[in-house]
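Here is what each chain is made of, one letter per residue.
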Amino acid sequence: MFGKSYQRLSQTDPIVPRTPGLFVSTDSYYHKGLSFDYIPNISENDFSDSSQGWLSWICNLIVIFLVHICTFVTFPITGWFVLKTVPNYQRVVVFRLGRVCPPKGPGIVLVLPLIDQWQRVDLRTRAFNIPPCQVHTRDGGLFFVGADIQFRIWNPVLSVVSVQDLNASTRMTAHNALTHSLEKKTVREIQTERVKLGEYLGVDINEMTRPWGLEIDRVELTPGSLLKAPEEGPPGPLDVPPSVPKVEDLTGTLQQLAMHFMSHSFQPQQESSVTFMDEQSGDRQAAATINSIEELLRAVQLVLSETLVNQVGACFQFEISSGEGQHCTYYVDLSQGHGAAGAGSPCLMPDVTLTMCEEDLLAMFQGRLQPFAAYSSGRLQLQGDIQTAMKLEELIKLLRR
């Protein structure tokens, strides 16, 4: 069929014949054995379809030529529909008659009507967080740990063609990689090597996401608590060194002392049961006693002062939704006097309005949820100046003390 004989790979089904994919040439198909046959060859930036027949190629040229003529004839009207402005941080992926084209932009982009389907792709760095989950360590401990991940799209075409829902697939892949990698570590390794484990985890996730056109820039493990101390295993087998001349003659008390010393030397160290070595670990344990918004408001009212008002100088309004579907409004006024906090709307116009659920609000003030991670993942909606909203961390730090 191809003019020469090929030997099929072992993983292929000998009963069902396979045909080359859309962007895979017939000369290299059976040698590479790729499953993503529809992905273009981005290394050479070649988005053409070599498997297209001459009749289909001629029909495509005729249709594209007629659409171009109709577009230019009616240009004053069609100009509002075919011209798209693409900013510098975006690219447009166009499917013309079902076939992918090279990414377009930035600047003015021409999109033909009726035959072009296009999609914008944002190339800026974004972030999301993996919610804290339980991880069973290698030494029998149970750890509560999450991660903050920053990523960006390095190839727009692959991000559209390779996977249907890029965000959901990346989150699931990162969650599975986190649990699988930490299950191979001990409690002490997780506690003392967070930076190194984050780098290794980023490499593992990149191996799975780079074929999707996505690259992980940074992975940072968020502090967690130790739910179960590691098990104290029995001491390992005693490794006795080979016999040494003039030592075999030692008998009695000397041999007993030597065996006693060697047994203590080769006994494995017991794993520590302390939590993450973080300067705010004690603060989080103290703040973890807040279980409702009413208790949080009482704690906020106790720390209000003129010093805090001078540091912040802004009024915050919280739109909180509970699990029962109820919506409540709270405020923290740190713009005048000694400050005020309570339920309802503030007397003045709020500088910043934060919309989130009750669980996320308590988790943010307890330190279990980072404000930046909540804002990046969409769990926190913000109306107002971001720099002013960041001043709320002064109140959070004061509550932890």
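Just so it is clear, the structure is predicted and the values come from calculations on it, not from any experiment.

Things to note about the overall build of the protein
- Across its full length, the protein carries 15 helices and 13 strands.
- Here the protein holds 401 residues, and 36% of them are scored as buried.
- Within the protein, counting contacts between residues at least 6 apart in sequence, those at least 24 apart form 67% of the total.

Focus: the environment of Glu306
- Mapped onto the fold, Glu306 is located in helix α11 (residues 306–312).
- Glu306 sits 29 residues away from Ser335 along the chain, and the two C-alpha atoms are 9.5 Å apart.

Section: the pattern of salt bridges
- Per the counting criterion, the structure on display carries seven salt bridges.
- For the salt bridge of Asp217 with Arg152, the shortest nitrogen-to-oxygen distance reads 3.5 Å. With a gap of 65 residues between them, Asp217 in strand β8 (residues 214–228) and Arg152 in strand β7 (residues 142–153) connect regions that are remote in the sequence.
- By relative accessible area, which is 29% here, Arg152 ends up partly exposed.
- A network of salt bridges, in which partner residues are shared, links Arg152, Arg210, Glu215 and Asp217.

Concerning helix α5 (residues 166–182)
- With 17 residues, α5 should cover 24 Å at 1.5 Å per step; its first-to-last C-alpha distance of 24 Å lies within 8% of that length.
- Here α5 has its buried residues at Leu166, Ser169, Thr170, Thr173, Ala174, Ala177, Leu178, Thr179, Ser181 and Leu182.
- Buried residues along α5 sit against β6 (126–136), β7, α4 (156–161), α6 (187–192), α7 (194–209) and β8.
- Between a side-chain oxygen at the N-terminus of α5 and the backbone nitrogen of Asn167 the separation is 3.5 Å; the capping residue is Asp165.

Parameters and conventions
Residues numbered from 1 in each chain as written. Predicted model: local features only at pLDDT ≥ 70, side-chain atom pairs only at ≥ 80, totals over all residues. Heavy atoms only, no water. Helix = DSSP H or I, 4+ residues; strand = E, 2+ residues; numbered from the N terminus. Buried < 20%, exposed > 50% of the residue type's maximum accessible area, 1.4 Å probe, protein only. Contact = heavy atoms within 4.5 Å. Salt bridge = Lys/Arg side-chain N within 4 Å of Asp/Glu carboxyl O. Expected span 1.5 Å × (residues − 1). Polar contact = N/O pair within 3.5 Å; in protein donor to acceptor, adjacent residues only side chain to side chain.

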